[in-house]
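Geometric and topological summary
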Amino acid sequence: MFKFTHLIFAAAAAAFLLAGQASAAPAIADNDVDACNGSNHYGVGHSCAFAQSQGNCTACQTNSCGVLICVPN
């Protein structure tokens, strides 16, 4: 019985860890500015995407105001 409880505990711990990793997956950005800024630290020329980009190939570029944004190639 003792080994069975260890097996159940190990299975529960593994499921918890896998669920935590799945929720840490990167999410697509909401807009063109967030796609190139924030925690990803992209620069000019990096590939990017955002929710409204509709799957078009896009890259980070600096706009006329000096803000790094995601624009269609």
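Here the structure is shown first, and the text comes after it.
Notes on the structure follow. (Residues numbered from 1 in each chain as written. Predicted model: local features only at pLDDT ≥ 70, side-chain atom pairs only at ≥ 80, totals over all residues. Heavy atoms only, no water.)

Under the criterion given, the structure shown has two disulfides. Between the sulfur atoms of C36 and its disulfide mate C60 the distance is 2.0 Å. Measuring handedness by torsion sign, the sulfur bridge of C36 and C60 sits at about -100° and is left-handed. Of this pair, C36 sits in the loop between α1 (2–23) and β1 (47–48) while C60 is found in strand β2 (residues 58–62), placing the two residues 24 residues apart along the sequence. For C48, the disulfide goes to C70, at an S-S distance of 2.0 Å. Looking along the S-S bond of the C48-C70 disulfide, the torsion reads about 100°, which is the right-handed sense. Within this pair, whereas C48 is found in strand β1, its partner C70 is found in strand β3 (residues 68–72), the two being separated by 22 residues in sequence. The cystine pairing of the protein, numbering bonded cysteines in sequence order, is 1-3, 2-4. (Disulfide = S-S within 2.5 Å. Helix = DSSP H or I, 4+ residues; strand = E, 2+ residues; numbered from the N terminus.)

Attention shifts here to the nonpolar core. Residues A29, A35, C36, C48, F50, C60, L68 and C70 constitute the largest nonpolar core, which totals eight residues. In this structure C70 touches D32, A35, C36, C48, A49, F50, T58, A59 and C60, once residues within four positions along its chain are discounted. (Core = buried A, V, L, I, M, F, W, Y, C linked by side-chain atoms within 4.5 Å. Buried < 20%, exposed > 50% of the residue type's maximum accessible area, 1.4 Å probe, protein only. Contact = heavy atoms within 4.5 Å.)

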